[in-house]
Amino acid sequence: MLKPDRTQSTTCPYCGVGCNLILHIKDDFIYRVTSPFDAVVNQGNLCVKGRFGYDFIYHPDRVTTPLVRKVPQQAGARTQAFDRSEWRQVSWDEALDLVADRLVEIYRRDGAGALAAYLCAKATNEDNYLLQKMFRALFRTNHIDHCTRLCHAGSVVALQQAIGSSAMSNTAAEVIKSDCFIVTGSNTTENHPIIALQMKAAVRKHGAKLIVVDPRRMELCDYATLWLPLRPGTNVPVFSAMAHVILKENLVNWEFVNTRTEGLEDFARSVEKFTPEYAEAISGVDRGLIAAAARMYATAERGAIYWGMGISQLSHGTASALSLIHLAFLTGHIGREGTGLNPLRGQNNVQGASDMGAMPFHFPGYMAVDDPANAPRWEAAWNVEPGGLNRKRGLTTTEILANAHPGGVRALYIMGENPMMSEPNLNQTRQHMQQLEFLVAQDLFINETVAFADVFLPSTSWAEKDGTFTNTDRRVQRVRSAILPRGASRPDWQIICNLAQRIESRLGVTRSAGWQYTHPAEIMAEIGAVVPEYTGVTYARLEKNGLQTPVWDSGHPGTPFLFAKSFPRGRGKFHPLEYVPTAEPPDDEFPFILTTGRVLEHWHGGTMTRHSKLDELYPQATVEINPADAALMGVSDGQVVRVASRRGAITLRAQVTPKTTAGVVFIPFHFAEAAANLLTIDALDPQAKIPEFKACAVQILLAQAEEARLVAAWEPRGRYTWRGSPPAGRIPRSGPPEPMP
Ligand SMILES: Nc1nc2c(c(=O)[nH]1)N[C@H]1C(S)=C(S)[C@@H](COP(=O)(O)OP(=O)(O)OC[C@H]3O[C@@H](n4cnc5c(=O)[nH]c(N)nc54)[C@H](O)[C@@H]3O)O[C@H]1N2
Ligand SMILES: Nc1nc2c(c(=O)[nH]1)N[C@H]1C(S)=C(S)[C@@H](COP(=O)(O)OP(=O)(O)OC[C@H]3O[C@@H](n4cnc5c(=O)[nH]c(N)nc54)[C@H](O)[C@@H]3O)O[C@H]1N2
Ligand code: SF4
Ligand SMILES: [Mo]
């Protein structure tokens, strides 16, 4: 067996579980990944992505030199360029000067509101902190957001309203201490695989009861005591009916309700009408099952709730999450080990990016931009004149693109996101992208979004840089550079510092906000000096297993579970709810409900996993159809079908499976050849602004022969290749910039 020259321990770049990895390296090449058995998060376990999905860093399509578009792009007529010949390789100086010139020009001409940035839940805390600092301190804009908007925004708003804090309340591994737990809107075995292992252990080894509430028959249903297969978009009636039963049968934890919550009376009146019969009529879930689930959760010693996108990605995502929070309030299943309200955060560092202020409403540490007490603290930290920082809430991701027009947003800076795959209604998103006057992308690949850019800044991957990620249960862990940066790529934090200094000199700033860091540890020290929850987070203390925030001071051990004594807002607040149907119910013309989501082997728009061996494990998009529906339509397994909504159409193979319930079809959104988001609807939750990815109406037709031939010709990695790339098989080594062909 190959002997490594060295190993490096670090954190997985994929999901929010935050598994610890050991990279085995020979000749500056990572050839194997294992995991330490004493890692508290994953105890030696890894899913297929953590174990094998790192090879994208060596993929020949990866771009490691700064690039500028050859043909200048015009607002309104911006095009996508996937071909190397359409770009010019430039030096870092030229690329950074151009970006600084254009951003400053647009800022001087149109003001702060014309600039916006998408931050990156894949990048480190330090990277995100610096990019929001650059846009807030230098350009005075709060138009800063990231993929959390498309993700747990509904949960975040609901938890803020009810509790005053939006993170997972407990540690995922505590699930083995629960005697009953609800998993809803979360396909945990595919999307948080290592947490799912702990859930299975809770059931099989510790005898816990599991209640699954989900329209799809995902793997955890095999472990569940009860499965409530609800129609997509009917969370509020189902969970409100559970609250109804808990109140009617007096299964309420009165001590908790009386001492820790407020607003019960109005709430109790509002759930009068949510009888199990009423909920059954709307959701399709048997009334007896709803009552049984209510009793099982309410009478547990330690009950916990875990949830995912099936709760938040709806045009009433906030209400859905509130309907879950009420169950924990009524039963007092929060503030103790093995209980809690646990939104499973998705990206490796989405918790961290949110903590770092990668959002339009908050400075780092969730300090509201429009609360007059907060801006002065950051003005002092960033050397900004008093009153200088913008105190108005900025635009969200979805709003930033919708406002890309003269008088609105003119320049967008995207660090590691792919809205041209991840936003709903892509045909419209495309039109918005075309309206931008200037687009900068900082990424590893020319993905569907980067292809629209004027300038490409090549960043290093997680394997080539130092920093920290904060996982789903608030654990801040080290990311350690294992190999030299590929080609001329630079860590995100360095690119931002290089650029910010150029911007400051063009703006003629006399008081620098400070960009002279020699190591990300110094950035973390700056964060900890102002954000109380990160005060005790220093690199020296993170060495082995990281620390769970809040870490109030340098001796504080971190916080495994929250809210033992009180909530940040004082008492937990009940919110009376109404049932609001999804924005686009099925009808005669579009008779199926489309729900979208993920598969184990792939990641979002596929930029990373489709440039990895993982693509060979799951090479093609499929639409999952229930056998009853397939029989009615005469569709057989593997047949090519055309799926259309009012916004777009795609062609792909059918997968006939009982995993999806009758009337509902499922398409993963990883595949550009059949992008699910061409179909999805851009209806938004009014408060959280999260799109309704989980329900829209579609029709399914058998494909024409021509379309079927196209699908048959798909190959693994058939998505795009960066033409002119090195011959397959050659592994580009670190070193000087690659020559352009
Ligand atoms: N392999 C892989 N893992 C990932 C990701 C990835 O791309 N690939 N992405 C990461 C990210 S960013 C995130 S946010 C997480 C997401 O993780 P999940 O939340 O598990 O994501 P989804 O696949 O979108 O599945 C959501 C579940 O909601 C269910 N659902 C749909 N509609 C409803 C509804 O109306 N009510 C209820 N109760 N359930 C419903 C679906 O059937 C599905 O089981 O995964 C993370 N992990
Ligand atoms: N239909 C449908 N759409 C959805 C969802 C759904 O369930 N259904 N889910 C939504 C959710 S929950 C989410 S979170 C979003 C995700 O949406 P996005 O965040 O837009 O998707 P990703 O593909 O994860 O994009 C990450 C990008 O970062 C780059 N990258 C990786 N590492 C680094 C790094 O260190 N530095 C830099 N600069 N770049 C890096 C990758 O190459 C990639 O291009 O999608 C949303 N869209
Ligand atoms: S469970 Fe998540 S963090 Fe762990 S190896 Fe898989 S993708 Fe990585
Ligand atoms: Mo997400």
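Residues numbered from 1 in each chain as written. Chains lettered and ligands numbered in written order. Predicted model: local features only at pLDDT ≥ 70, side-chain atom pairs only at ≥ 80, totals over all residues. Heavy atoms only, no water.

**Concerning helix H10 (residues 276–283)**
Looking only at H10, the buried set comprises Pro276, Ala279, Ile282 and Ser283. Seen along its axis, H10 keeps its buried residues to an arc of 125 degrees; they face one direction. If you follow the buried residues of H10, they end up packed against helix H7 (235–248) and helix H11 (287–298). Positioned one or two residues after H10, Gly284 has a phi angle of 80 degrees, which is positive. (Buried < 20%, exposed > 50% of the residue type's maximum accessible area, 1.4 Å probe, protein only. Helix = DSSP H or I, 4+ residues; strand = E, 2+ residues; numbered from the N terminus. Arc of directions from axis to C-beta. Contact = heavy atoms within 4.5 Å.)

**Let's talk about the nonpolar core**
Looking at soluble globular proteins, one finds that nonpolar side chains tend to be buried together. Counting residues in each nonpolar core, the largest one holds 66 residues, and the members touching the most others are Met134 and Tyr413. Looking at which element gives the most residues to this core, the answer is helix H2 (residues 92–110), with eight residues. Leave out the neighbours within four places in its chain, and Met134 touches Phe139, Tyr413, Ile496, Leu499, Ala500, Ile503 and Trp515. In terms of nonpolar packing, the next biggest core, distinct from the first, is built from 56 residues, Ile182, Val257, Val285 and Leu324 among them. (Core = buried A, V, L, I, M, F, W, Y, C linked by side-chain atoms within 4.5 Å.)

**Focus: the confidence of the model for the protein chain**
Residue-level pLDDT values for the protein chain average 95, and 96% of them are 70 or greater. Counting interchain partners and residues more than four positions distant, the pLDDT-below-50 stretch residues 724–741 has 34 contacts. (pLDDT = per-residue confidence, 0-100.)

**Thoughts on the domain arrangement of the protein chain**
Under the domain assignment, the protein chain is made up of domain 1 (6–58), domain 2 (67–150 + 349–548), domain 3 (153–343) and domain 4 (592–680 + 704–721). Its C-alpha centre places domain 1 at a distance of 26 Å from the equivalent point of domain 2. Across the contact, 26 residues belong to domain 1 and 22 residues belong to domain 2. Summed over both sides, the interface of domain 1 with domain 2 buries roughly 1900 Å², with 54% coming from carbon and sulfur. For the pair domain 1 and domain 2, the number of links is one salt bridge. The closest approach of N and O atoms between Lys544 and Asp38, which form a salt bridge, is 3.5 Å. Taken together, domain 1 and domain 2 are joined by 13 residue pairs in polar contact (both at pLDDT 80 or more). Top contributing element to the side of domain 1 that touches domain 2 by residue count: strand S1 (residues 6–11), with five residues. (Domains from an automatic or database assignment. Buried area = accessible area lost by both parts, 1.4 Å probe. Salt bridge = Lys/Arg side-chain N within 4 Å of Asp/Glu carboxyl O. Polar contact = N/O pair within 3.5 Å; in protein donor to acceptor, adjacent residues only side chain to side chain.)

**Concerning the pairing of strand S27 (residues 664–668)**
Most of S27 is tucked away: five of the five residues are buried. Pairing geometry for strand S23 (residues 592–597) and S27, over five bridges, is parallel. Considered in S27, the bridge of Ile593 is made with Val664. (Pairing = 2+ DSSP bridges.)

**Some thoughts on the pattern of salt bridges**
For the coordinates displayed, the defined rule picks out 43 salt bridges. Glu437 serves as the salt-bridge partner of Arg102, at 3.3 Å between the closest nitrogen and oxygen. A residue pair is termed long-range when its members are at least 10 positions apart, and Arg102 in helix H2 and Glu437 in the loop between helix H18 (426–435) and strand S17 (438–443) qualify at 335 residues. The exposure class assigned to Glu437 is buried, which follows from its relative accessible area of 16%. Measuring nitrogen to oxygen at the nearest pair gives 2.6 Å for the salt bridge that ties Arg269 to Asp266. Linking Arg269 with Asp266, this pair stays in helix H9 (residues 264–271), spanning three residues, or about one helical turn. One salt-bridge network, held together by shared partners, links Arg102, Glu105, Arg109, Asp110, Arg410 and Glu437.

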